[in-house]
Each structure stands twice: as C-alpha cells, then as structure tokens.
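Below are the chains, spelled out letter by letter.
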Amino acid sequence: MRIGIVCYPTFGGSGVVATELGMALAEKGHTVHFITYDRPVRLRERAGHVFYHEVRVSDYPLFDYQPYELVLSSKLVDVAIYEGLDLVHVHYAIPHASAAWMAQQILASKGFHLPFITTLHGTDITLVGRDPSFEPVITFSIERSDAVTAVSESLKRDTYAHFPVKREIEVIPNFVCIDQYPREADPELRARYAPKGERLLVHISNFRPVKRVEDVVGVFRRVREKLPARLLLIGDGPERQRIENMCRSANDCHDILFLGKMTEPEEVLRVCDLFVLTSDSESFGLAALEAMACRVPVVSNNTGGTPEVVTDGVGGLLSPLGDLDKMAANAVRILQDAGALEGFRKGAMVDARRFDVNAVLPRYEALYDRVAGKVTV
Ligand code: GMT
C-alpha cells in the first residue's frame, strides 16, 4: 500500500510514534511518504520504501502568520496524485486533520479519492484542542475523517467528553519495537552517571508545565534522603531553565544531570533503575513505555492513560497526582534492594511486551485495508 503520513517532526511522542509507524510499515513492504515541515527526528534511511516531502511555507511579508495548513493541503494534493497514495494517516488533530479534509475535497474535484485517518494523541484533545478557538474545526475534522483512532481508552473518553462527536473512535495504542532496544546496559556509561554505584532515576519530557518536572525533582530529593541516588533529566522545553536554576540555587546540580534533547535515549535509559513521570495527565505516556522496554520500571500518577500502560504493581507503582511522599515511598520500595528491583524490571518487560510493534502494527494495517476499501466489514 502507498501511505502518506503527516506528523510533527519534533521530539514529541506523536511524531515519534508516527515516524516509527512509518518505518515499521516500510519494513513490511509498504511505501511510506512522510509529509511534514522538517525531517522527522527519528526517521532513519530506508531507501526505496520511505520518502520525505518537505512542506515549505514562503515568508511573504504580508503574512504575520504563515498559512502552513494551506501549504500542507496543497502538498498532500500533489503527493496523493503523483505518488498514487492509497490513503493518508495524520497524527495529532491540529492542524493536520482539517488540512487532510481540505486536500480530500480538492482531490475529489479532480476525480481522485483520498481517504484519511486521524490519530488523536492527547494534548490535541485534552489541552490545546479544548481551546474554544479550535473546537469547531476539531469537531468537524474528527467527524469527517474516514477513521479516527485514539492512543488510549482514556483519550477516547476525553474526546467524547469534550467534543460533541458521535462517530466511532477505535483505540489503537502506541507501540515500541522491543527488538531494536539494547539488550545489555553499557557498564561504562552507567559508571559515568553513577560513579559511586548510586541508583539512577530518569525522566524524559518536553519540559512543558503539564509534565510537572518540579515534582520529579521533589520525588528525587525525597528518595535521596533514603538511599544514594542521582537523577538524569532528558529533553528540553520552556520549564528547563527554571528547573535548572532551582537545582543550582539548592546546590543540587552534582546529583541532577540535565542531558538535553536526545534522538536515541535508549542507551541512557538502559543504564537507569527507575523512570519518574509526574504529569498532570498523559493520554498514554510513550516515554514510560520506552523506559519499560529498556527494563526500567516506572513510578507515576494514576491519571489519564498511564494505568493502561503501566500496570500498578507490575511495570511500576502508581499513586494519586501530586502526592510526592507516596511517589517517593513507591520509588524506594522498587529501589530498596536488588531483589525488588529485579522483580519490577521483569514486570516492566511484561508490560512493555503488550505494546510490541508486532502486536500493534497489524491493527493499523487492518484499519488501512478497511479505509482503503480493500476489506469490507
Ligand atoms: O506531551 C505533549 O504535549 C506532546 C504530545 C505529542 O504530540 O507528542 O504527547 C501526547 O502524545 C503522545 C504520543 O501518543 C503520548 O504518549 C503523550 O502521553 C501525549 N501527551 C499528553 O497527553 C500530555
């Protein structure tokens, strides 16, 4: 099948999932065309099967705001016709779903049919999308998509709760390619981060307020009172400087390392002992899944889609939002001795395997067949 994928090319989970999906589809013989404003950060070369089309917006001086969505629609029309796309799969509703709808209308006027699938990822529904200035467009494009998926049951519920949509939404969870993760931890890397054999806690995010990175530091400080530990913070974003300043003024920087953005965080994850995720709510929490696929258990909140990904007591331990004492106690329970940690490491792999690419990819392929009209139900 010839599939167009539209996504954000950045470090966010929706772009990562879309990119990994495209590469996994190419691996199975499909031809995949990425259509986005920059090369997706996780995109690896796969000549002959994966193509990248850049959406370039001109900077004409009249535009205070560049009309990216229109250029994206035009590019979709162009790629659909000249590459013979069977369908396009857009990730993150804003503005991709409405751009796909417009492309579909233009193509119809030329005698082409381009079905499109919208995958809802989280903040497009729970945060940004709830802004009244977006609501009518999101509702419309969800209704008009040929199929809609959400990455968790929680996000599906949120969509029905916040938007007046009636159509069916299928839950297809995010996934990881477990075979591509490092099997062994690199002892030299581990020694560099934990020179005195400390326990290593880790957090990855885009450092936006919804992630509550300050809580990660709060949990870490409580854990460090009980056992020797260090904290690795991976990623960057609006809150990073504030958190870094906070650590500097508390003279914490020797134990808290800011590693910045990483395209392949798995090597680092693999040497860690515990992933800490403190967000207000995650529709899924892809970073937690990636950690578990590296045998790293998770402490997190029991909000949003997280309990669907991390089974409480198996891949990690969950507690109410903002209860840092409970989170820290859970962390210590996991880290206190080698036996407990090994038990949770095994549990993390059990949880991660439920989301292996081999389990999830066939569900997307079946959906593509249905939407492209190759299978009737
Ligand atoms: O967290 C964000 O704002 C980024 C957003 C994205 O586009 O990557 O993340 C959302 O999509 C991810 C992939 O499906 C999910 O794993 C994240 O849980 C979700 N973020 C939130 O719900 C806050």
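Just so it is clear, the model here is predicted, and its values are computed rather than measured. Sequence order sets the numbering: in each chain, residues are counted from 1 along the sequence as written. Where totals are concerned, whole chains, interfaces and linings use all residues; where local detail is concerned, this predicted model gives features only for residues with pLDDT of at least 70, and gives and counts side-chain atom pairs only at 80 or more. Hydrogens and water are ignored here; the side-chain numbers use all heavy atoms of the structure.

**Observations concerning the domain arrangement of the chain**
Each domain of the chain was delimited in the assignment, giving domain 1 (2–175 + 357–371) and domain 2 (178–353). Working rule for contacts: check all heavy atoms of both residues, and any pair within 4.5 Å makes them a contact. The interface is formed by 18 residues belonging to domain 1 together with 14 residues belonging to domain 2. Buried area is a sum: the accessible area each of two parts loses on coming together, probed at 1.4 Å, counted once for each and added. Three residues stand out in domain 1 for area buried against domain 2, namely Phe 11, Arg 42 and Asn 174, and they jointly supply 38% of the buried area on that side. Any carboxyl oxygen of Asp or Glu within 4 Å of a side-chain nitrogen of Lys or Arg constitutes a salt bridge here. Here Arg 42 and Glu 290 are joined by a salt bridge, their closest N and O atoms 3.2 Å apart. Any pair of N or O atoms that falls within 3.5 Å is considered a polar contact. Within protein, one atom must be able to donate a hydrogen and the other to accept it, and sequence-neighbouring residues count only if both atoms are side-chain atoms. In this structure, the connection of domain 1 to domain 2 is made through eight residue pairs in polar contact (both at pLDDT 80 or more). The helix count covers DSSP runs of H or I at least four residues long, the strand count covers runs of E at least two residues long, and both are numbered beginning at the N terminus. By residue number, the principal contributor to the side of domain 1 that touches domain 2 is helix H1 (residues 13–27), which donates four residues. Residue ranges for the domains trace back to a domain assignment, done automatically or taken from a database.

**Here we look at a negative patch on the surface**
For patch detection, residues must exceed 30% relative accessible area and be free of salt bridges, and they are connected within 9 Å for like charges or within 5 Å for nonpolar side chains (Val, Leu, Ile, Met, Phe, Trp, Tyr). Note on areas: these come from Shrake-Rupley sampling with a 1.4 Å probe, and a residue is covered only by the protein chains present in the view. In this count, Lys and Arg are taken as positive residues and Asp and Glu as negative ones, while His and the chain termini are left out. To locate a charge, the coordinates of NZ of Lys, CZ of Arg, CG of Asp or CD of Glu are taken. A cluster of acidic residues, Asp 186, Glu 188, Glu 264 and Glu 267, forms a negative patch at the surface. Considering the arrangement of structural elements, one finds Glu 267 in helix H10 (residues 266–270). Residue classification places Glu 267 among the partly exposed residues on the basis of a relative accessible area of 44%. Classification of residues uses two cut-offs on accessible area relative to the type maximum, computed with a 1.4 Å probe and protein chains only: under 20% is buried, over 50% is exposed, and between them is partly exposed.

**Let's talk about the packing of aromatic side chains**
The pairing test for Phe, Tyr and Trp rings, Trp by its six-membered ring, is centres within 6.5 Å, and the orientation test on the planes gives stacked under 30 degrees, edge-to-face over 60, and tilted for anything in between. As enumerated under the stated definition, the model contains seven aromatic pairs in all. Aromatic pair Tyr 37 and Tyr 68: ring centres 5.7 Å apart, planes at 85°, arrangement edge-to-face. Pair noted here: Tyr 37 is in the loop between strand E2 (31–36) and strand E3 (50–54) and Tyr 68 is in helix H2 (residues 68–83), with a separation of 31 residues, a long-range link. On the accessibility criterion, Tyr 37 (34% relative accessible area) is partly exposed. Exposure remark for Tyr 68: the relative accessible area of 16% places this residue in the buried category. These aromatic residues form a ring-pair network of at least three members: Tyr 8, Tyr 37, Tyr 68 and Tyr 92.

**Observations regarding helix H6 (residues 153–162)**
Along H6, the residues classified as buried are Ser 154, Leu 155 and Thr 159. Relative to the axis of H6, the buried residues are bounded by an arc of 140° and lie together on one face. Projecting away from the buried face of H6 at angles above 90 degrees are the exposed residues Arg 157 and Ala 161. Residues of H6 that are buried sit in contact with strand E5 (116–120), helix H4 (123–126), helix H5 (135–144), strand E6 (147–150) and helix H12 (306–309). What the arc covers is the set of directions going from the helix axis to the C-beta atoms.

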